[in-house]
Amino acid sequence: MLPEEPWLVAIRRMAMPADTNAHGTIFGGLILSLIDQAGAIAAQSKGASKVVTVAMDKIVFHEPVHVGDLITCHAAIQERGRTSMTVCVKVEAEAPSSLAKDIEPRQVTQAEVVYVQVDDHGRPLPL
Ligand SMILES: CC(C)(COP(=O)(O)OP(=O)(O)OC[C@H]1O[C@@H](n2cnc3c(N)ncnc32)[C@H](O)[C@@H]1OP(=O)(O)O)[C@@H](O)C(=O)NCCC(=O)NCCS
């Protein structure tokens, strides 16, 4: 299901040598961390206060990311529940030099993440 709300550019970051796995491409755990942060930023920018991640779903890694690539996470609210928000996150990668050449970025990963708004005791709080 595609989100009806507009996409927000939540995070942009360069992939560095310290982010690599044993094969020399970017470690999937870094991308998961960026997805989690980007989704939380989107949820909080749409009115949620304190949120925790309850589920990460349908994560697909389409293409590898390389050292020096610019990683951009776009996030959009897909669904609102009573205390939860489902956020769709798509991750793009591109060489910074392709920005000047107007080359389309590669869509490397997408995911759906569910956040729950919680109170100061960590209990679900209606949105
Ligand atoms: C998130 C948390 C507070 C929810 O507590 P809970 O007792 O399951 O609460 P509820 O059953 O009332 O569910 C709250 C909401 O979460 C949703 N939810 C719960 N489990 C879910 C799951 N596996 N997938 C999707 N949504 C889920 C419910 O549908 C509900 O949404 P709604 O209010 O919009 O209808 C609790 O599970 C928790 O603290 N988890 C750890 C969160 C965390 O630390 N995350 C960081 C990663 S380590």
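What you see as residue numbers is a count from 1 along each chain, following the sequence as written. Residue-level local features of this predicted model are given only where pLDDT is at least 70; pairs of side-chain atoms are given and counted only at 80 or more, and the full residue set underlies all totals for whole chains, interfaces and linings. Hydrogens and water molecules were not included; the side-chain quantities draw on all heavy atoms of the structure.

1. Regarding the side chain of threonine 83
Counting through the fold element by element, threonine 83 comes out in the loop between strand E3 (70–80) and strand E4 (84–94). With a relative accessible area of 11%, threonine 83 lands in the buried category. Put simply, DSSP marks the helices as runs of H or I at least four residues long and the strands as runs of E at least two long, and each gets a number from the N terminus on. Between buried and exposed lies partly exposed: a residue is buried under 20% and exposed over 50% of the maximum accessible area for its type, with that area taken using a 1.4 Å probe on protein chains only.

2. With respect to the site of the ligand
Proximity is defined per residue: if any heavy atom of the residue lies within 4 Å of a molecule or strand, that residue is considered near it. As a structural note, the neighbourhood of the ligand is formed by 13 residues, with Thr53, Gly81, Arg82, Thr83 and Ser84 the closest of them. Any N or O atom pair separated by 3.5 Å or less is treated as a polar contact, with the protein-specific requirement of one donor-capable and one acceptor-capable atom, and with residues adjacent in sequence counted only for side-chain atom pairs. Taking threonine 53, its main chain carries an N or O atom lying 2.9 Å from a nitrogen atom of the ligand. Under the convention used here, a 1.4 Å probe and the Shrake-Rupley method define accessible areas, while residue burial counts only the protein chains that appear. Protein chains bury 41% of the 950 Å² of accessible surface belonging to the ligand in isolation. At the level of secondary structure, the elements contributing two or more residues to the shell around the ligand comprise strand E2 (51–61) and strand E5 (106–117). The leading source of residues in the shell around the ligand is E2, at four residues. Any residue that is not Ala, Val, Leu, Ile, Met, Phe, Trp, Tyr, Cys, Pro, Asp, Glu, Lys or Arg is counted as polar, Gly included; the first ten are nonpolar and the last four charged. Considering only residue class, the shell around the ligand consists of seven nonpolar, five polar and one charged.

3. Considering unusual backbone geometry
At lysine 58, a residue that is not glycine, the phi angle is positive and equals roughly 45 degrees. Among the structural elements, lysine 58 can be located in strand E2. One non-glycine residue, aspartate 102, lies in positive phi territory at about 60 degrees. Note that aspartate 102 resides in the loop between helix H2 (96–100) and E5.

4. Re the pattern of salt bridges
Salt bridges are identified by distance alone: a Lys or Arg side-chain nitrogen within 4 Å of an Asp or Glu carboxyl oxygen. Scanning all chains against the criterion turns up seven salt bridges. Here lysine 58 makes a salt bridge to glutamate 112, at a shortest N to O gap of 3.9 Å. Of this pair, lysine 58 sits in strand E2 while glutamate 112 sits in strand E5, placing them 54 residues apart in sequence. Between arginine 106 and glutamate 63 there is a salt bridge; the shortest N-O distance is 3.3 Å. Here the residue arginine 106 occupies a position in strand E5, and glutamate 63 occupies one in the loop between E2 and E3, the gap between them amounting to 43 residues. Its relative accessible area of 24% is what places arginine 106 among the partly exposed residues. Looking at glutamate 63, the relative accessible area reads 36%, which means it is partly exposed. Each of Glu63, Asp69 and Arg106 takes part in a single network of salt bridges with overlapping partners.

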